Amino acid sequence: MTPHGGKRLDWILSPDPALDPLGPGAGLAVGVLALQGDFREHRVMLERLGARTSEVRRPADLDGLDGLVIPGGESTTIHKLMEEYDLAGPIKAFSAEGGIVYGTCAGLITVARATVEGRPTTLGLMDVVARRNAFGRQVRSFEADLQIDGVAGGPVRAVFIRAPWIESAGPGVETLATCEGRIVAAREGDVLVTAFHPELTDDTRLHELFIHMIRRRQGAGAESSPTPAERDAGAPGRAPAAAGHR
Amino acid sequence: MTDIGTMRVKSGLADMLKGGVIMDVTDAEQAKIAEDAGACAVMALERVPSDIRAQGGVARMADPTKIQEIQESVSIPVMAKARIGHFVEAQILQSLEVDYIDESEVLTPADEANHINKWKFDVPFVCGAVNLGEALRRISEGAAMIRTKGEAGTGDVVEAVRHMRTIMGEIRRLQTLDEDELYVAAKQLPAPLELVKWVAEHGKLPVVNFSAGGIATPADAALMMQLGAEGVFVGSGIFKSEDPQKRANAIVKAATNYRDPAVLAEVSVGLGDAMPGIDAARMPAESKLQHRGW
């Protein structure tokens, strides 16, 4: 268990997680936008859950993905590079065609309809307005225990780094968590956002929720919607039931 | 329970800067150019290292007016430098709410034995290092991010390469040792045993490691990243070049695409003159900044 809140070396001295090739994400292909920021940490989380991950820097890198994570980083840098490599259109198309998108921190800003500040230009995948650096500069960055709707097993230790919040949300947006009265986790259709960084902890539950959204979407596209347990049994990447056996 | 200033929050900001370029700026106009070019943070200074080197004298923390002017002009993180051991400069920078403090050898040291006890601060610190022992000693004092020192203000990447190769080589060496041998390794570095054990087990530093000191071209930035840097600081290299806007843009793209020679070729075209450099190998030892730090 990672000790929380310590100012000494406890946190950086905690061991790395082990990988689990047979986790709930087995057989899924998830990309992580790798223009700048903490994309490697997201890959580690997703691989712990069994998903195959890849880095997305060009539109072609989106081909064949089931989901896309837009990580934390510096939002102005990420947006500048997204423009440079014409990624905005292809990511919007990926989302419109049923790809599941999860944005953390800078990623929340990226998928928002707009920002209070009016820049950078956002993708508009979720009907929310984001306020950048809403909690203040780095000396006000913090971690706190947050109860999150749809995440069982007690509160999540949420790490906020110069974090945004959701200033206002449209009627279709489901609030999953608030902090200081502000929305800091939300879902709308196939898009999930958190203002905090689960990838900086060893708690995979938010990434599991993202994986579950991908599974549910794939289930909805099939003839019938299998339960999570049935999907686990038939997930690609595991031994397909009744295939090749006599 | 809500906590500020934890190691996770401090090193977390460094994680967000990864893959990015942190640029030295001396005024609001340069800060805007850096932000527009895609810098992931700026370092607010009165003089860039090449000017400090040329003008001599005592180099100190920047005037707070200058730092505030830069903070007001951009939305990206703003860092500032304090002298080695000058914990009051650090207290002032924390009260100004800079996002990171660089306890830097580029400024004239204020203490020739002790560094700042960085655990006492909520603001995170980045510190320079020329080898693994120095990096781990800074981390034991509470640094949440490391940068290899290189030789600031020269535009010569050779020292940056030396320091990155030294640290990566020393990490690899630790990984080859038997656990019984780590005690002596810790004594020899010298560095705290618990950190030496962590590095031996994980094969990396426990915090983010950037490269600094002498990076002047997109190729330099990509070189440092292929050698293991997780991002780069560019000091004099941008605003002492012929076309800072264009060069800043190019170095940002090089940091993202550091393994893609086609992109590196494309961004290296028509940048104008790089900063006039100094051959670091021919510099007298006493004028090298990298020896500051203990």
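Just so we're clear, the structure is a prediction, and the values are computed from it rather than from any experiment.

**Remarks on the overall build of chain B**
Next up, step 1: Secondary structure assignment for chain B yields 13 helices and 9 strands.
Next up, step 2: Taking 294 residues into account, the globule formula puts the C-alpha radius of gyration at 19 Å, and chain B, at 18 Å, falls close to it.
Next up, step 3: Taken along the three principal axes of its C-alpha coordinates, chain B extends 55 × 45 × 45 Å.
Next up, step 4: At a minimum sequence separation of 6, the contacts of chain B that also span at least 24 residues come to 67%.
Next up, step 5: For chain B, the exposed area adds up to about 10500 Å²; of that, 49% sits on carbon and sulfur atoms.
Next up, step 6: Positive and negative side-chain charges of chain B, numbering 31 and 42 respectively, have mean locations separated by a distance of 4 Å.

**Some points on the packing of aromatic side chains**
All names here are of chain A.
Next up, step 1: If you walk through the whole model with that rule in mind, you get 8 aromatic pairs over all chains.
Next up, step 2: Arranged with centres 5.0 Å apart and planes meeting at 90°, the rings of Phe-135 and Trp-165 form a pair that is edge-to-face. Of the two residues, Phe-135 sits in the loop between strand E6 (126-131) and strand E7 (142-146) while Trp-165 sits in strand E9 (residues 165-169), which places them 30 residues apart along the sequence.
Next up, step 3: Note on Trp-165: relative accessible area 11%, which makes it buried.
Next up, step 4: Ring pairs connect the aromatic residues Phe-135, Phe-142, Phe-160, Trp-165 and Phe-196, which therefore count as one cluster.
Next up, step 5: Just above the ring of Tyr-85 sits the side chain of Arg-58; from NZ or CZ to the centre is 4.0 Å.

**With respect to the environment of Asp-178 of chain B**
Residues and elements named next belong to chain B.
Next up, step 1: With respect to the secondary-structure elements, Asp-178 resides in the loop between helix H7 (158-176) and helix H8 (182-188).
Next up, step 2: Separated by 152 residues in sequence, Asp-178 and Thr-26 have C-alpha atoms that sit 49 Å apart.
Next up, step 3: Polar contacts involving the side chain of Asp-178 include one to the main-chain amide nitrogen of Asp-180, which spans 2.8 Å.

**With respect to the pairing of strand E3 (residues 67-70) of chain A**
Residue and element names in this part refer to chain A.
Next up, step 1: Of the two faces of E3, the one carrying Gly-67 and Val-69 and the one carrying Leu-68 and Ile-70 are both buried.
Next up, step 2: Of the strand pairs in this sheet, strand E1 (residues 29-33) and E3 are connected by 3 bridges, and their pairing is parallel. Residue pairing across strands places Val-32 opposite Val-69, the latter belonging to E3.
Next up, step 3: Relative to strand E4 (residues 100-104), E3 is paired through 4 bridges, and the arrangement is parallel. From the neighbouring strand, Leu-68 faces E4, where its bridge partner is Val-101.

**Some points on the side chain of Lys-118 of chain B**
Next up, step 1: Take Lys-118 of chain B: it is sitting in the loop between strand E5 (100-104) and strand E6 (125-129).
Next up, step 2: Look past the residues within four positions of Lys-118 of chain B in its chain and what remains in contact with it is Lys-10, Glu-103, Phe-125, Cys-127, Arg-138, Glu-141, Gly-142 and Ala-143 of chain B.

**Let's talk about the pairing of strand E3 (residues 41-44) of chain B**
All names here are of chain B.
Next up, step 1: Burial of E3 is two-sided: the residues Ala-41 and Met-43 facing one way and the residues Val-42 and Ala-44 facing the other way are all buried.
Next up, step 2: Both strand E2 (residues 21-25) and E3 contribute to a ladder of 4 bridges, which runs parallel. Across the sheet, residue Val-25 finds its bridge partner in E3, namely Ala-44.
Next up, step 3: Regarding the hand of the β-α-β motif, the stretch spanning E2, helix H2 (residues 28-37) and E3 is right-handed.
Next up, step 4: Taken together, the 3 bridges between E3 and strand E4 (residues 78-83) define a ladder with parallel strand orientation. Along E4, the bridge assignment pairs Met-43 with Met-79.

**Here we look at the confidence of the model for chain A**
Residues and elements named next belong to chain A.
Next up, step 1: In this model, chain A carries an average pLDDT of 86, and 82% of its residues clear a pLDDT of 70 or more.
Next up, step 2: Overall, residues 1-8 carries pLDDT values under 50, and its contacts beyond four positions in sequence, including any with other chains, amount to 19 contacts.
Next up, step 3: Low pLDDT, under 50, characterises residues 223-246; the predicted model gives this stretch 20 contacts beyond four residues in sequence or across chains.

**Considering the nonpolar core**
Next up, step 1: One finds Phe-160, Val-184 and Phe-196 of chain A together with Met-224 of chain B to be the most contacted residues of the largest nonpolar core, which totals 123 residues.
Next up, step 2: Contacts of Phe-196 of chain A, omitting those with residues within four sequence positions, involve Thr-104, Cys-105, Leu-146, Ile-148, Val-156, Ala-158, Val-159, Phe-160, Val-184, Ala-185 and Leu-206 of chain A.
Next up, step 3: Ranked by size, the runner-up nonpolar core spans 25 residues in total, among them Ile-22, Ala-41, Leu-45 and Met-79 of chain B.

**Observations concerning the interface of chain A and chain B**
Next up, step 1: With 51 residues of chain A at the interface, the matching set in chain B holds 54 residues.
Next up, step 2: Roughly 4500 Å² of surface becomes buried between chain A and chain B when both sides are summed, with 52% attributable to carbon and sulfur atoms.
Next up, step 3: At the junction of chain A with chain B, the criterion picks out 6 salt bridges.
Next up, step 4: For Asp-3 of chain B, the salt bridge goes to Arg-157 of chain A, with nearest N and O atoms at 2.7 Å.
Next up, step 5: Here chain A is connected to chain B by 24 residue pairs in polar contact (both at pLDDT 80 or more).
Next up, step 6: The element that contributes the greatest number of residues to the side of chain A that touches chain B is helix H2 (residues 75-84) of chain A, accounting for 5 residues.
Next up, step 7: For the side of chain A that touches chain B, a count of residues per class yields 15 nonpolar, 16 polar and 20 charged.
Next up, step 8: Relative to strand E1 (residues 3-4) of chain B, E7 of chain A is paired through 2 bridges, and the arrangement is antiparallel.

Definitions and cut-offs
- Residues numbered from 1 in each chain as written.
- Chains lettered and ligands numbered in written order.
- Predicted model: local features only at pLDDT ≥ 70, side-chain atom pairs only at ≥ 80, totals over all residues.
- Heavy atoms only, no water.
- Helix = DSSP H or I, 4+ residues; strand = E, 2+ residues; numbered from the N terminus.
- Rg over C-alpha atoms; globule rule 2.2 N^0.38 Å.
- Contact = heavy atoms within 4.5 Å.
- Areas by Shrake-Rupley, 256 points an atom, 1.4 Å probe, with all protein chains shown as cover.
- Lys, Arg positive; Asp, Glu negative; His and termini not counted.
- Charge placed at Lys NZ, Arg CZ, Asp CG, Glu CD.
- Phe/Tyr/Trp six-rings, centres within 6.5 Å; stacked < 30°, edge-to-face > 60°.
- Buried < 20%, exposed > 50% of the residue type's maximum accessible area, 1.4 Å probe, protein only.
- Lys NZ or Arg CZ within 6 Å of the ring centre and 35° of its normal.
- Polar contact = N/O pair within 3.5 Å; in protein donor to acceptor, adjacent residues only side chain to side chain.
- Pairing = 2+ DSSP bridges.
- Right-handed = clockwise from strand over helix to strand, strands pointing away.
- pLDDT = per-residue confidence, 0-100.
- Core = buried A, V, L, I, M, F, W, Y, C linked by side-chain atoms within 4.5 Å.
- Buried area = accessible area lost by both parts, 1.4 Å probe.
- Salt bridge = Lys/Arg side-chain N within 4 Å of Asp/Glu carboxyl O.
- Nonpolar A, V, L, I, M, F, W, Y, C, P; charged D, E, K, R; others polar.

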